[in-house]
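This is what each chain is made of:
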Amino acid sequence: MTVPVITVDGPSGSGKGTVSRAIARQLGWRMLDSGALYRLTALAAEDAGLDPDTDRQAIAALAARLQVEFLSDENNNEIIELNGRDVTQRVRAESTGDMASRCAVIPEVRASLVDLQHAFRRVPGLVADGRDMGTVIFPDAPLKIFLTASVAERTERRFKQLGELGISANIDRIYSEIAARDERDRTRSESPLVPAADAVELDSTGKPVQQVIAEVMDLVDQHGLKETA
Ligand code: C5P
């Protein structure tokens, strides 16, 4: 039996992470935050003093050797370790997201991360969150969601999220970084951010997250995926 996968792709701040986590929890499935793998690659590159414009092969080699642990503390908050060091705060910083998107345009980096992503597909099922989950990594997924929201709303959500994590941020800078990152993710030649032909597109602008989660759970039900949980 093939392990079922639900892919949730979309631009940053569209609510993918929150929605994916809620769906995975309700189904009792595993979750893959593929953006975190690009962010960890970016941190590893930064620590090694590498530049995505010139050190492409070296960054791809680092990506192939990432030692990553996704853990949770006693309050169920996510803890991410890279090569044995807690990098939870650094992973979520906007500067890391920007560096991640510069590393993510490198085809060799993307290739280095394919096996690691496939390894998350284990019983009883996987919810995979990213940009190319439905188009490239899990093209046979029985349910593909493409989640969007306006740039203004995504900026506000990101600002709030960073505040909750205790990371100070400037809202105008977040707006321009989100817009620039979208542009880079959409126009890159390798695995650009586009909906899969068979993806269901959901616009979350103006919707409470609980409503989006309920809409996705209805789709899960319609696709007969609840029974496998
Ligand atoms: O989703 P998140 O903001 O954490 O992703 C950081 C960056 O990693 C994105 O802007 C994108 O460039 C890259 N990424 C990607 N493919 C994925 C997930 C993330 O290219 N599947």
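Please refer to the structure higher up on the page.
Residues numbered from 1 in each chain as written. Predicted model: local features only at pLDDT ≥ 70, side-chain atom pairs only at ≥ 80, totals over all residues. Heavy atoms only, no water.

(A) Fine view of the site of the ligand. Among the 18 residues in the neighbourhood of the ligand, the closest are listed as Arg 39, Arg 110, Arg 131, Asp 132 and Asp 185. Put simply, the parts of the chain that give the shell around the ligand at least two residues each are α2 (34-47), α5 (94-104) and α10 (171-187). No other element matches the 4 residues that α2 contributes to the shell around the ligand. Taken together, the residues that form the shell around the ligand break down as 4 nonpolar, 5 polar and 9 charged. (Near = heavy atom within 4 Å. Helix = DSSP H or I, 4+ residues; strand = E, 2+ residues; numbered from the N terminus. Nonpolar A, V, L, I, M, F, W, Y, C, P; charged D, E, K, R; others polar.)

(B) Representation of the pattern of salt bridges in the model. Overall, the coordinates contain 19 salt bridges when judged by the stated rule. Asp 140 is paired through a salt bridge with Arg 121; the nearest N and O atoms lie 3.2 Å apart. Highlighted residues: Asp 140 in the loop between α8 (133-137) and β7 (143-148) and Arg 121 in the loop between α7 (114-118) and β6 (126-130), separated in sequence by 19 residues. By relative accessible area, Asp 140 is classed as partly exposed at 46%. Here the salt bridges share partners, and the residues they tie into one network are Glu 46, Asp 47, Arg 85 and Arg 90. (Salt bridge = Lys/Arg side-chain N within 4 Å of Asp/Glu carboxyl O. Buried < 20%, exposed > 50% of the residue type's maximum accessible area, 1.4 Å probe, protein only.)

(C) The sheet that holds strand β8 (residues 200-203), seen in detail. What the 5 strands build is an open sheet, ordered β2-β6-β1-β7-β8; its pairing is parallel. Each having just a single partner strand, β2 (30-33) and β8 make up the two edges of the open sheet. The average undirected angle you get between the axes of adjacent strands in this sheet is 20°. Pairing geometry for strand β1 (residues 5-9) and β6, over 5 bridges, is parallel. From the neighbouring strand, Thr 7 faces β6, where its bridge partner is Ala 128. Docked against the sheet, helix α1 (residues 16-27) engages β1, β2, β6 and β7, running at close to 175° with respect to β6. (Pairing = 2+ DSSP bridges. Axes fitted to C-alpha atoms, helices over the stretch in contact; angles between N-to-C directions. Contact = heavy atoms within 4.5 Å.)

(D) Representation of the sheet that holds strand β5 (residues 85-86). Strands sit in the order β3-β4-β5 across an open sheet of 3 strands; the sheet is antiparallel. Bordering the open sheet on either side are β3 (68-72) and β5, each of which pairs with just one other strand. Across 5 bridges, the pairing between β3 and strand β4 (residues 78-82) is antiparallel. Its bridge partner being in β4, Phe 70 is matched across the sheet by Ile 80.

(E) Representation of empty space enclosed by the protein within the structure. Within the structure shown, the criterion is met by 1 cavity of 30 Å³ or more. The computed volume of the largest cavity comes to approximately 40 Å³. Thr 7, Asp 9, Arg 131, Gly 134, Thr 135, Lys 144, Ile 145, Phe 146, Val 194, Pro 195, Ala 196 and Ala 199 are the residues that line the largest cavity. Sorting the residues of the lining of the largest cavity by element identifies β1, α8 and β7 as the ones contributing at least two each. Element by element, the count of residues in the lining of the largest cavity is highest for β7, at 3 residues. Here the residues of the lining of the largest cavity sort into 6 nonpolar, 3 polar and 3 charged. (1 Å grid on protein atoms, 1.4 Å probe; cavity = no way out; pocket = protein on both sides within 12 Å on 5 of 7 lines; lining within 4 Å. Points joined across faces, edges and corners; volume = space filled by probe spheres on them.)

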